[in-house]
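The lines below spell out each chain.
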Amino acid sequence: MRLYYQEPDKSIQGFVEHILVLEDFPVAGSFALPLYANGMPNLLFKTKKGLIGNNSAGNLTLFGQTTCPENWVVEEDFTLIAYFFKPYAIGALFGIAARELTDHPIDLALWKPAKAYELQEQLLNAETTENRLKLLNKFIFELIKNHKKSCQAVKYSAHQLMACPEPDALSNIRNELEISTRTFQRRFKKHVGVSANQFRRICQFYSGFRQLQSGQFQKLSDIAFQHGYADQSHYIRLFREFTNITPKEYLKLGAAE
C-alpha cells in the first residue's frame, strides 16, 4: 500500500489544487473511507465500485462541495486517485451548476456518457498508476482548453478564504472588492455551490483538521485558538458538524488502524 499527494502538472494547475493517490490498498471484509468537507470539488477514480451512503458508486465519481460527512464503502482491494479542483472549477470545466453537486456526487457517466465510459475503460485497462495519471491529466487538460470563464471576484475570494478563513475574512474581502453583500453572496454560491460564509467555515474546519491529522499540537484548545475559534467547545461543535464525531473520537480511529 502507498499513499501520497502529488502536485498537478503545470498545464492543469490553474484548476487543480492537488492530487491524492492511494495505491494497492488491501481490504479485509469491508472498508469505509470517510469523505469530509475540504472546500474542494473533486473527480474520484476507483478501480473497484462501492457505495457512497446508500447509493452505488461507479469507478468515476464527480463531487461538488461536501458539507455533510459520508463514507465510500468498498469490499475489495483497490487503487484510488482523486483530483481536487479549485473551489470554482465545477461550472467552468463541466458546465454543471455548482449547487447541483453540493452534497450530491454523481457518476461521471451522467455528465457525458460516451466520454466518461471511454475514460473509465482506459483507466481500468492501464497497467500502472503513472499511466492512469497521464490519462486523467489529458482528460482535464482537454476540459480546460474549452472551459467557461470564471468569475474573477469569486476566484480571488475563494483563494483568500482558503489561505485565511478567519471570522472577519469575509467583510475584509467585500470591502477590498467594493461589492455589496447580496451581489457577493449570489455570485459566490453560483460558482462554488455554497454560500461564502459556509465556505469560510469549511475552510476553517479543514485547516484545523489538517493540524489535528499532523499531530502538531499539545491540546485541542491549541488548534481552536490557532484557527480562529472562540474556544475549544466551539471547535468541537464545528468538527462534529462536518464529521459526525469529535476530534478525540477521530484520533482514536487513527490509533486503531
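Residues numbered from 1 in each chain as written. Predicted model: local features only at pLDDT ≥ 70, side-chain atom pairs only at ≥ 80, totals over all residues. Heavy atoms only, no water.

> I'd love a proper account of the overall build of the protein chain, names of residues and values included.
Scanning the protein chain for helices and strands turns up 11 helices and 10 strands. The C-alpha atoms of the protein chain give 19 Å as radius of gyration, which agrees with the globular expectation for 257 residues (18 Å, within 12%). By its C-alpha atoms, the protein chain is 50 × 45 × 35 Å across when sized along the principal axes. Counting over 257 residues, the protein chain shows a buried share of 51%. A separation threshold of at least 6 residues defines the contact pool for the protein chain, and within that pool the share at least 24 residues apart is 66%. If you sum the accessible surface of the protein chain, you get close to 13,300 Å²; carbon and sulfur atoms cover 47% of it. Between the mean site of the 30 positive side-chain charges and the mean site of the 26 negative ones, the protein chain shows a separation of 8 Å. (Helix = DSSP H or I, 4+ residues; strand = E, 2+ residues; numbered from the N terminus. Rg over C-alpha atoms; globule rule 2.2 N^0.38 Å. Buried < 20%, exposed > 50% of the residue type's maximum accessible area, 1.4 Å probe, protein only. Contact = heavy atoms within 4.5 Å. Areas by Shrake-Rupley, 256 points an atom, 1.4 Å probe, with all protein chains shown as cover. Lys, Arg positive; Asp, Glu negative; His and termini not counted. Charge placed at Lys NZ, Arg CZ, Asp CG, Glu CD.)

> Describe the nonpolar core, listing the residues and the values that go with them.
In terms of nonpolar packing, the biggest core is built from 35 residues, with W72, F78, L80, F205, Y235 and F239 touching the most fellow members. For this core, the secondary-structure elements that each account for two or more residues are β2 (16-25), β3 (31-35), β8 (70-74), β9 (78-85), α8 (196-214), α9 (220-226) and α10 (232-243). The biggest single contributor to this core is α8, with five residues. Excluding anything up to four places from it in sequence, F205 contacts Y36, A37, Y229, L238, F239, F242 and T243. I12, F15, I90 and I144 belong to the second-largest nonpolar core, a separate cluster that totals 33 residues. (Core = buried A, V, L, I, M, F, W, Y, C linked by side-chain atoms within 4.5 Å.)

> An account of α8 is requested, with residue identities and associated values reported.
Here α8 spans 27 Å end to end across 19 residues, near enough to the 27 Å set by a 1.5 Å rise per residue. With respect to burial, α8 is a largely interior element, 15 of its 19 residues being buried. G215 lies just past α8 and shows a positive phi near 80°. (Expected span 1.5 Å × (residues − 1).)

> Help me get a handle on the pairing of strand β7 (residues 60-63), residues and values and all.
Covered by surrounding structure in β7 are L60 and L62 together with T61 and F63, the residues of both alternating faces. Relative to β7, strand β4 (residues 42-46) runs antiparallel, the two being bridged by four bridges. By the bridge assignment for β7, N42 is matched with F63. Judged from the two bridges that link them, β7 and strand β10 (residues 106-107) form a sheet pairing that is antiparallel. Considered in β10, the bridge of T61 is made with D107. (Pairing = 2+ DSSP bridges.)

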